[in-house]
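Observations on chain architecture
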Amino acid sequence: MIKLAQVTLVLVFILGAVNAVFSQTQKKNMNYTHTNSLSHENSPYLLQHAHNPVNWYPWGPEALAKAKKENKVLLISIGYAACHWCHVMERESFENEEVAKVMNEFFVCIKVDREERPDIDQIYMDAVQMMTGSGGWPLNCFAMPDGKPFFGGTYFPAGNWVNVLKGIQNAWVNETDKVQQVANQLAMGIRENEIITVKAEASSFPVADLEKAYRNWKQDFDSREGGNNRVPKFPLPNSLQFLLRYYYFTKDQSALNQVTLTLDKMAMGGIYDQVGGGFARYSVDAIWKVPHFEKMLYDNAQLISLYAEAYQLTKIPEYKQVIQQTLEFVNRELSLPQAGFYSSLDADSEGVEGKFYVWEKSEVDALLKEDSELFCEFYGITNPANWEEGNILMIQTDKKSLAKKYKISVKQLELKLERDRRFLLHKRTKRIRPALDDKALTSWNALMLKGYVDAYKALGDQNYLNRAIQNAEFMQQHLWKGKAHLHRNYKDGNSKINAFLDDYSFTIEAFVALYQASFNEEWLLKANDLLEQVLLHFSDEKSGMFFYTSNEDDALIARKMELVDNVIPSSNSSIAKSLFLVGTYLDKTQYIERSKQMLANIKPRFEKTISYHSNWGQVYFWLANPPVEIVIMGEDAVNQKRKIEELFLPNILISGSTSESNLPLLQNRYVNGQTTFYLCINQSCKLPVTNVNDLLNQLEIALRK
């Protein structure tokens, strides 16, 4: 595999070429009106750049053909609509006439929305990480006319950007052979990242094998503030969901303690919008105080699912409040009229990061009057402000102590805080809002759909299930083409990009969850249709894994596989879960065996670094402890399952029907006029019972064994 040190040595000549060119360009605000090829695009991020003086092209055959015909370097600039530093670089460089002149003269400039085209982003992010050891957005990568990258980085200050541009052009003209050498090495390294060692032998998956890996991971825990012991701090929902399951199967209290500490600290911190609900993308400090203020749909969707599971297990009331307030935020600010979900809210408003969310104490005093002292003490609002742009609201004291100080009951305190919070929320609506990225992405909508289902299971609010069903219908109407062909994106009636593996896998998981919550078999059968599409167009038969792109898509310089779980679970771990779930429900043993093969391939990596493969852990636990299957049959089946799904039972697969069913688990089990419960383990069922409490007793005995 290509080594960072090797790439660094070969890159010395490029860095030298960059440093050999010295030209300081002052930013000038000329306010020229320009229109480039991005004006025909639908992506909010691309449209943000449609009137730059840079002659941007979208990724596509026109730009690639132009680069080859004119023998020019591709400048591929990748970002997304809510990205703060993307906006900064645009203001400093891409809106600058003199900078744009250099870019247009030497390069074919391509803008990519990483959220619409993660397949392109993956390739050039890999390249930049190999070259520099880190990555991020904006991502700026220089590539040969055939698309092979040879130099890149993230944000470049305005004073350096023209130097880089001229240095790259100098290297391209005078050191073409060396540029080609670097490009070929990087392309090889990008492809080698996808090499999977296929495990031919049968694997076992004992939970005990995870104990050493867990102990290693545990050393990274921040035992004071939660999360990992580093900054910035990202919420990593699938990691914490793994820890919930690890606790469930091992009873290791340290795993649960880490989850509750992290969830408590996030819910109290500035990363959580204390006025309006919902989470920012990450905290720039160790105490969850100062967020990077952009709000992403995928973060909030996954965090709702996480808090729902934690509430099922702990019944901590603050988790219920976080779920409810965050769903209020999603419904209020990230919901399309057609029942889909928008992608994100910008970090900036009026050109200032966080301005929409922070408060001056004098402002709060004027609004809340006699209530202000109590409110400010609870949320840490001070004069001078606790942050450079204003006060970030952050819970500073416990309710019991504060109630005692003000000689009121805790209930009275909670009512006051809630009334004042809603009043400030109302006043905040009059501010200039952060920009909205109003495209809908299939994979993120699926995560949010599942978030609503998980909230319904935990809290029992029928409105949450209804909203999930509406979103599923939106996806079918606007993102689903033919029998089971998904598109990636939707905006203003347009949906034109082929879906990627995560679009399919997250939708399959969401539809299975929707079946579990509603007992409507339509969703389970549609999940199977989507899985068949994945097997047909994404499968790597050699390894048993799946490519991120369909075989119907235009080829890039590498066909990537997502294996590592990060802020969002990898599409391969998600599809492994989908294979197991659909295979179990529809009695398709080949699906389960494929899931097992995938986990066997990934097991060495998984056991070495669980934190980067935590979503794979859900499949691991299913294979280590075959799930208990619960079947509920009868007209009242949907209502009767409530006592079961309000509990945290990660090793239970629930199914049922209000009428006769042909599903393998349900055949010949319907009794007219009666609700019947069946508990099955390893394809063997206990005697049926007609009372949910009797079923729970059976379950308790079964889980003890």
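Residues numbered from 1 in each chain as written. Predicted model: local features only at pLDDT ≥ 70, side-chain atom pairs only at ≥ 80, totals over all residues. Heavy atoms only, no water.

**As for the overall build of the protein chain**
Note the cut-off: Only DSSP runs of H or I covering at least 4 residues are called helices, and only runs of E covering at least 2 are called strands; the numbering of each starts at the N terminus. The globule rule is 2.2 Å times the number of residues to the power 0.38, and the radius of gyration it is compared with is taken over C-alpha atoms. For every residue, the accessible area (1.4 Å probe, protein chains only) is compared with the maximum for its type, and the residue is labelled buried under 20%, exposed over 50%, or partly exposed between those bounds. The contact rule is simple, with two residues in contact once any of their heavy atoms fall within 4.5 Å. Using a 1.4 Å probe, the Shrake-Rupley method yields the accessible areas, and only the shown protein chains count as cover for residues. In this count, Lys and Arg are taken as positive residues and Asp and Glu as negative ones, while His and the chain termini are left out. By convention, the point assigned to a charge is CZ for Arg, NZ for Lys, CD for Glu and CG for Asp.
Looking only at helices and strands, the protein chain has 27 helices and 20 strands in total. Relative to a compact globule of 705 residues, whose C-alpha radius of gyration would be 27 Å, the protein chain shows 27 Å and is just as compact. Principal-axis analysis of the C-alpha atoms places the extent of the protein chain at approximately 80 × 70 × 50 Å. Looking at the protein chain residue by residue over its 705 residues, the buried ones come to 61%. The contacts of the protein chain with a sequence gap of at least 6 include a subset with a gap of at least 24, amounting to 70%. Put simply, the protein chain shows about 28,000 Å² of open surface, and 49% of that area lies on carbon and sulfur atoms. One way to put it: in the protein chain the 77 positive side-chain charges average out to a point 3 Å from where the 84 negative ones average out.

**Concerning the state of the cysteines**
Which entries qualify depends on this criterion: Any pair of cysteine sulfurs within 2.5 Å is marked as a disulfide.
Applying the stated criterion to the full structure yields two disulfides. With cysteine numbering restricted to those in disulfides and following the sequence, the protein chain has the pairing 1-2, 3-4. Between Cys141, a free cysteine, and Cys109, which holds the nearest cysteine sulfur, the sulfur-to-sulfur gap is 13 Å.

**Considerations on the sheet that holds strand β12 (residues 436-437)**
To keep things clear, this is the line we draw: Any two strands with at least two DSSP bridges between them are considered paired.
Spatially, the three strands line up as an open sheet ordered β8-β9-β12, and their pairing is antiparallel. Strand pairing shows two members of the sheet lacking a second neighbour, β8 (295-296) and β12, which therefore form its edges.

**Comments concerning the sheet that holds strand β20 (residues 684-685)**
Spelled out, the test is: Here the axes come from fitting lines to C-alpha atoms, over the contacting stretch only for helices, and the angles between their N-to-C directions go from 0 to 180 degrees.
A sheet is described by the order of its strands in space; here four strands give the open sequence β18-β17-β19-β20, paired in mixed fashion. Either end of the sheet is taken by a strand with one partner, and the two such strands are β18 (652-657) and β20. The pairing of strand β17 (residues 628-633) with strand β19 (residues 676-681) spans five bridges and is classified as antiparallel. Along β19, the bridge assignment pairs Ile630 with Leu679. Contacts from helix α22 (residues 571-585) reach β17 and β18, with the element oriented near 45 degrees to β18. Here helix α27 (residues 692-704) sits on the sheet and contacts β17, β18 and β19; the angle it forms with β19, its principal contact strand, is near 10 degrees.

**Observations concerning helix α20 (residues 501-518)**
Selection rule: An expected span of 1.5 Å times one less than the residue number is assigned to each helix.
Along its 18 residues, α20 runs 26 Å from first to last C-alpha, staying within 8% of the 26 Å computed at 1.5 Å per residue. Extensive coverage of α20 is indicated by the burial of 18 of its 18 residues. With its phi angle positive at about 60 degrees, Phe519 sits one or two positions after the end of α20.

**Some words on empty space enclosed by the protein**
Threshold: Throughout, the protein atoms alone are placed on a 1 Å grid, and a set of points is a cavity if a 1.4 Å probe fits but cannot get out or a pocket if it is open with protein on both sides within 12 Å along at least five of seven lines; lining residues have an atom within 4 Å of a point. Grid points are joined across faces, edges and corners, and a volume is the space filled by probe spheres set on the points. Charged means Asp, Glu, Lys or Arg here, nonpolar means Ala, Val, Leu, Ile, Met, Phe, Trp, Tyr, Cys or Pro, and polar covers whatever is left, Gly included.
Here the structure, examined in full by the defined rule, presents four cavities of 30 Å³ or more. Within this model, the largest cavity holds a volume of roughly 710 Å³. In this structure, the largest cavity is lined by 33 residues; those nearest its centre are Arg245, Glu309, Lys450, Asp454 and Lys457. Elements supplying a minimum of two residues to the lining of the largest cavity: α10 (237-250), α12 (297-314), α18 (442-459), α20, α22, α24 (616-624), α26 (642-645) and β18. A per-element tally of the lining of the largest cavity places α12 first, with six residues. A per-class count over the lining of the largest cavity returns 18 nonpolar, seven polar and eight charged. Volume-wise, the second largest cavity comes out at about 130 Å³. Lining the second largest cavity are 15 residues; nearest its centre among them are Gly270, Tyr272, Asp273, Phe293 and Tyr357. Taken together, the residues that form the lining of the second largest cavity break down as nine nonpolar, three polar and three charged.

**Observations regarding the environment of Ile654**
Mapped onto the elements of the fold, Ile654 is located in strand β18. On the accessibility criterion, Ile654 (9% relative accessible area) is buried. Linking Ile654 and Tyr515, residues 139 residues apart in sequence, is a C-alpha distance of 9.4 Å. Once you skip the residues sitting within four places of it in the chain, Ile654 turns out to touch Tyr515, Gln516, Phe519, Tyr585, Ile630, Ile632, Lys641 and Ile644.

**Looking at the nonpolar core**
Definition in use: Nonpolar core, defined: a set of buried Ala, Val, Leu, Ile, Met, Phe, Trp, Tyr and Cys residues in which side-chain atoms within 4.5 Å join the residues together.
Ranked by size, the top nonpolar core spans 218 residues in total, and within it Met103, Tyr124, Phe142, Phe150, Trp161 and Tyr307 carry the most contacts. Excluding residues within four positions of it along the chain, Tyr307 makes contact with Leu263, Met266, Ala267, Phe279, Tyr319, Val322 and Ile323.

**Quick word on the environment of Asn697**
Assignment of secondary structure puts Asn697 in helix α27. Overall, Asn697 belongs to the partly exposed group, its relative accessible area being 42%. Measuring from C-alpha to C-alpha, the distance between Asn697 and Val567 comes to 38 Å, with 130 residues separating the pair along the chain.

**Here's the deal with the packing of aromatic side chains**
Going by this rule: Between 30 and 60 degrees the pair is tilted, below 30 it is stacked and above 60 it is edge-to-face, where a pair is any two Phe, Tyr or Trp rings, Trp via its six-membered ring, whose centres lie within 6.5 Å.
Summed over all chains, the structure comprises 43 aromatic pairs. On the numbers, 5.4 Å between centres and 45 degrees between planes, the contact of Phe293 with Trp387 is tilted. Here Trp387 lies in the loop between α15 (372-379) and α16 (399-405) and Phe293 lies in the loop between β7 (291-292) and β8, a separation of 94 residues in the sequence. A centroid spacing of 4.8 Å and a plane angle of 85 degrees characterise the contact between Phe378 and Tyr379, whose relative ring orientation is edge-to-face. Note on Tyr379: relative accessible area 5%, which makes it buried. Among the aromatic residues, those joined into a cluster by ring pairs are Phe205, Tyr214, Trp217, Phe221, Phe242, Tyr246, Tyr248, Phe249, Phe606, Tyr620, Phe621 and Phe648.

**A word on unusual backbone geometry**
Along the chain, Val231 connects to Pro232 via a cis peptide bond; the corresponding omega equals -5 degrees. Residue placement: Pro232 occurs in the loop between α9 (211-218) and α10. Note that the residue after Asn383, namely Pro384, is joined by a cis bond; omega there is 5 degrees. Mapping Pro384 onto the fold places it in the loop between α15 and α16. Phi angles above zero are rare outside glycine, and Lys251 is one such case at about 60 degrees. Looking at the secondary structure, you find Lys251 in the loop between α10 and α11 (253-268). Residue Lys251 is classed as exposed on the basis of its relative accessible area of 53%.

**Overview of the pairing of β17**
The element β17 is extensively covered by neighbouring structure, given that six of its six residues are classed as buried. Looking at chain direction, β17 and β18 are connected through six bridges and run parallel. Note on β18: the bridge partner recorded for Glu629 is Leu653.

**Comments concerning the confidence of the model for the protein chain**
Caution applies to low-pLDDT regions: their predicted coordinates should not be interpreted in detail. Put simply, the rule reads: Here pLDDT means the predictor's own confidence in every residue, given as a number from 0 to 100.
Chain-level statistics for the protein chain give a pLDDT mean of 92 and a share of 95% at 70 or above. Predicted confidence is poor over residues 1-30, with pLDDT under 50, and the contacts of this stretch with residues over four places away or in other chains come to 61 contacts.

**Details of the side chain of Asn140**
For clarity, the cut-off: Any pair of N or O atoms that falls within 3.5 Å is considered a polar contact. Within protein, one atom must be able to donate a hydrogen and the other to accept it, and sequence-neighbouring residues count only if both atoms are side-chain atoms.
You can see Asn140 is positioned in strand β4 (residues 139-143). A polar contact is formed between the side chain of Asn140 and the side chain of Ser77, at a distance of 2.8 Å. With residues up to four places along the chain from it excluded, the contact list for Asn140 reads Leu75, Ile76, Ser77, Met89, Phe94, Phe151, Gly152, Gly153, Thr154, Phe156 and Trp161.

**Some thoughts on the packing of α10 against α24**
Note the cut-off: Under this scheme an angle from 65 to 115 degrees is roughly perpendicular, one under 35 degrees roughly parallel, and one over 145 degrees roughly antiparallel; angles in between are oblique. By convention, the crossing between two helices is left-handed when the near helix turns anticlockwise from the far helix through less than a right angle, and right-handed when the turn is clockwise.
Contact pair α10 / α24: the axes reach a minimum separation of 9 Å and the direction vectors enclose 20 degrees. Our classification of the angle between α10 and α24 gives roughly parallel. In this structure, α10 crosses over α24, and the sense of that crossing is left-handed. Packed against α10, whose contacting residues are Gln241, Phe242, Arg245, Tyr246 and Phe249, the element α24 presents Gly617, Gln618 and Phe621 at the interface. Tallied by class, residues from the contact of α10 with α24 come to four nonpolar, three polar and one charged.

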